[in-house]
Amino acid sequence: MNHFKNSLFTLFFIGIFSWTNAQSNLLQYIPSDATFVFSMNPNNLNSKVNLRQLKEYDFYNMAMMQMAGSMGAGSEEIMDVLADPETIGLDLMSSSHFFGKIKDNKTQFGFLFNVSDETKFTSFLKEVNPQGFEGNQYSKQPGYNLMKVSEDAWFSWNGEMAFIGGCEIEMNVDWDDAEAVKELEKIQREVTADLMSETMGRTTTNSIKSHNRYKLATTKPADMHFWMDYSFINEFMKEGMMEGMPSGLGGISPEIMMNLMKTFSEDTHLSMGLNFDQGKIALSTEMFPNKDMLELTKSMGDHKFNKKLTRYLRGEELLGYMSMSMSTEKMMDGYEKLIRSKLNEIPMYGDMASSAMDIAGIFYDERAIPNLFKGDFVMAFTGMQKVKKTITDYEYDEDFNATEVQKTIEQDIPEVTMVWTHGSKEDWMKFIRLGLKSAFLESAGNHYKVMVPGFDFDAYVVLKDNMLFLTNSADLVQNRLSKGYPRKQRVSKKHCEMMAQNTVAMHWDIPNTLSVFGNEAGAAMGVGEFVNMGKQNFESIQITSARTTGNSVKGEFSINFVKKDENSLKQIFEMVNEVFLGMMGGSKS
């Protein structure tokens, strides 16, 4: 039986590097209310890079040899099948799916993949697991075959697909009580049997194919795709909060707190599609919020980025930045209205909670936070700068007696600037005056110097127009506050547009960062060749979250390569192979 299970799982997950032309859609077997679905689409990837060629790399062949050696008896047959899955009736290039359905104390899960020839596949199973067809291990059901692999995993197949399913039941069981254990196993068998029959008999109308949001999310194909019902997060947290929160917290029960949290997660779905494209690896995200959160997100994003901020960001040696552009005022107003509306729906506590918020409003000025922070923010690492630092050293005479001396040395440190917009200079001056009185700040003309005991490097606070700066760049505060940096020295137009078009944007320049930090550290750690490989092959990492215009919130995480005309997966394989050959003493470079 163990040999059978090893054979089965090896075929499923390694077989994506084999090629067949058969196509099938297994989505109709996945329940519409699945908690999560993970899908692999080798055909989509193969349309961009020839997967057969990936099997020619040295590290891949070595891995296959080691796998074969670990399998023991029957390994030759398995490796032969991997070379050509169609010989046993498998189609491993069409989409396969792993899904789970989590509800209350019951978790059902399953893996679906394609069968191209039922007769061949059945013959293969009889060859690797003849005892599985004996006794009550195997049965012929209407339209499919059913085999019990183990107590918690069953296997079924027909002429189109194969399915591995199982379940987990959360029960307080005394494992020393044989009858209690038997009862749990009985429940597991019943739930798993239901899962198998429901899955094999499911139609399109009650499958994930009928889920409108899922259909929208999968309009564009992806090499890999992940889907999740986000309300699961709320249920997942509920048990922990119910156990960890005191029942009498302010007279409000934990259950009521959980009902409030549902506001942010119920009827919400998350989609993530991973693609290995030319010159980049892209993870596209799409969040489908509930109606209330969608309106709030749209309102927050209805905001125009203050492009003046970018005038003060030096771009010639840019290491990276993180920006935010949203309306703080609309965010505060939206959350207050949303929470009030939900509090009013809570029996017994609603009126009391709303009255408490009214009282809090006496002390809370809804304009206070927007006055300090309107919603535009950039933190940028704009290069390196040399600073002088005083250190304590020791000099020794000819008798090795130590004398303490103070020395001034030059040190390279990152140049960092944080700048954001505000709505009231006078409100910020209240903090400035407090800093001056407490000697935390020191006035220095058009800026204020941060005076923190033990702080080795200079830092500055600047109030200019509707902007506040916190920076360690002496050049910025001494020479650039009037008009900012010359246009050619600023961050590029591409980065300015990325900040303006997204509510959140992040960029990390990999070669510049590795040139600054990687060379010395790489040499010290003996990984200098990896640092050089990173600088030569990778361009940047970027994260964006677009402004919401439709029914979802879209974003992207991307790893961008220097070579734009070659598939990213192939480039990764080449780098891994180069490292492998280097370890084996046969590096091509």
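Residues numbered from 1 in each chain as written. Predicted model: local features only at pLDDT ≥ 70, side-chain atom pairs only at ≥ 80, totals over all residues. Heavy atoms only, no water.

Helices and strands together make up the secondary structure of the chain, namely 20 helices and 21 strands. The burial tally for the chain puts 43% of its 589 residues in the buried class. Roughly 31,200 Å² of accessible area belongs to the chain as shown, and the carbon and sulfur atoms make up 54% of that amount. (Helix = DSSP H or I, 4+ residues; strand = E, 2+ residues; numbered from the N terminus. Buried < 20%, exposed > 50% of the residue type's maximum accessible area, 1.4 Å probe, protein only. Areas by Shrake-Rupley, 256 points an atom, 1.4 Å probe, with all protein chains shown as cover.)

This next bit is on the pattern of salt bridges. A full pass over the atoms with the stated rule returns 19 salt bridges. Note that E426 and R433 form a salt bridge whose closest N and O atoms lie 2.7 Å from each other. The class of E426 is partly exposed, set by a relative accessible area of 44%. Within this structure, K48, D223 and D277 form a network of salt bridges that share partners. (Salt bridge = Lys/Arg side-chain N within 4 Å of Asp/Glu carboxyl O.)

Next up on the list: the nonpolar core. One finds L313, Y321, V378, V419, M467, F469 and M499 to be the most contacted residues of the largest nonpolar core, which totals 23 residues. Breaking this core down by element, the ones donating at least two residues are β13 (376-396), β17 (460-464), β18 (467-471), α16 (474-479) and α17 (493-501). The element that contributes the greatest number of residues to this core is α17, accounting for four residues. Ignoring anything within four residues of it in the chain, the contact list for V378 reads F305, L309, L313, Y321, M322, S323, T417, M418, V419 and M499. (Core = buried A, V, L, I, M, F, W, Y, C linked by side-chain atoms within 4.5 Å. Contact = heavy atoms within 4.5 Å.)

A cluster of acidic side chains, namely D174, D176, D177 and E179, defines a negative patch on the protein surface. Within the secondary structure layout, D176 lies in the loop between β8 (161-169) and α7 (178-200). (Patch = residues over 30% accessible without salt bridge, like charges linked within 9 Å, V, L, I, M, F, W, Y side chains within 5 Å. Lys, Arg positive; Asp, Glu negative; His and termini not counted. Charge placed at Lys NZ, Arg CZ, Asp CG, Glu CD.)

Moving on, we come to the confidence of the model for the chain. Looking at the chain, the pLDDT average stands at 83 and 81% of residues meet or exceed 70. Of all secondary-structure elements in the chain, the lowest mean pLDDT belongs to helix α1 (residues 2-14), at 47, while strand β12 (residues 320-325) reaches the highest, 97. Segment residues 1-24: pLDDT under 50, and 72 contacts once partners within four positions in sequence are set aside and those in other chains are kept. (pLDDT = per-residue confidence, 0-100.)

Buried within helix α6 (residues 118-128) are the following residues: F121, T122, F124, L125 and V128. The buried residues of α6 occupy one face: seen down the axis, they fall within an arc of 160 degrees. Among the exposed residues of α6, those oriented more than 90 degrees off its buried face are T119 and E127. Two or three places before T119, at the opening of α6, D117 has a side-chain oxygen 3.1 Å from that residue's backbone nitrogen. (Arc of directions from axis to C-beta. Polar contact = N/O pair within 3.5 Å; in protein donor to acceptor, adjacent residues only side chain to side chain.)

The next point concerns the packing of aromatic side chains. This model, assessed by the stated rule, comprises 23 aromatic pairs. Between F133 and Y138 the ring centres are 4.9 Å apart and the planes differ by 40 degrees, which places this aromatic pair in the tilted class. Note on W420 and W428: the rings are 6.0 Å apart at their centroids and 55 degrees apart in plane angle, and the pair reads as tilted. By relative accessible area, W420 is classed as buried at 14%. (Phe/Tyr/Trp six-rings, centres within 6.5 Å; stacked < 30°, edge-to-face > 60°.)

In this section: α7. Between its first and last C-alpha atoms α7 spans 33 Å; for 23 residues at 1.5 Å apiece the expected length is 33 Å, and the two agree. Within α7, the full set of buried residues consists of V181, L184, Q188, V191, T192, L195, M196, T199 and M200. Packed against the buried residues of α7 are β3 (96-103), β4 (106-115), β6 (144-150), β7 (153-157) and β8. The N-cap of α7, judged by a side-chain oxygen 3.1 Å from the amide nitrogen of E179 a few residues on, is D177. (Expected span 1.5 Å × (residues − 1).)

What follows deals with the pairing of strand β21 (residues 553-561). Summarising the sheet, strand β11 (residues 280-288) and β21 pair through eight bridges and their orientation is antiparallel. In the strand pairing of β21, M287 is matched with V553. Taking the residues between adjacent antiparallel strands as the criterion, strand β20 (residues 538-546) and β21 are bridged by six residues. (Pairing = 2+ DSSP bridges.)

Among the surface-exposed residues, Y394, Y396 and F400 lie close enough to one another that they form a single nonpolar patch of about 420 Å² accessible area. Of note, F400 is situated in the loop between β13 and β14 (402-421). The exposure class assigned to F400 is exposed, which follows from its relative accessible area of 71%.

In this model, D267 sits at a positive phi of 50 degrees, which is unusual for a non-glycine residue. Of note, D267 is situated in the loop between α10 (254-265) and β10 (269-277). At D465, a position not held by glycine, the phi torsion is positive, near 55 degrees. Structurally, D465 is set in the loop between β17 and β18. Owing to a relative accessible area of 44%, D465 belongs among the partly exposed residues under this scheme.

This brings us to the side chain of S473. With respect to the element layout, S473 can be found in the loop between β18 and α16. We classify S473 as buried; its relative accessible area is 1%. A polar atom in the side chain of S473 sits 3.1 Å from the backbone nitrogen of L476. Aside from chain neighbours lying at most four places away, what touches S473 is Q385, E415, V416, T417, Y460 and Y485.

Right, let's get into the environment of D104. Among the structural elements, D104 can be located in the loop between β3 and β4. In the structure, D104 is positioned 66 residues away from E170 in sequence and 8.7 Å away in space, judged by C-alpha atoms.

The next point concerns the pairing of β20. Sheet topology note: the strand β19 (residues 502-509)/β20 ladder contains seven bridges and is antiparallel. Paired with A505 across the bridge in β20 is T544. With seven bridges connecting them, β20 and β21 associate as antiparallel partners. Bridge pairing links T544 to E556 in β21.

Mapped onto the elements of the fold, L463 is located in strand β17. Here the alpha-carbon distance between L463 and H447, two residues 16 residues apart in the chain, equals 7.2 Å. Contacts of L463, omitting those with residues within four sequence positions, involve H422, K425, W428, M429, I432 and L468.

Right, let's get into the side chain of T471. Inspection of the secondary structure puts T471 in strand β18. Looking at T471, its side chain comes within polar contact range of the main-chain oxygen of V416, at 3.0 Å. Discounting residues that sit within four places of it in the chain, T471 has contacts with V416, T417, A459, Y460, L476 and V477.

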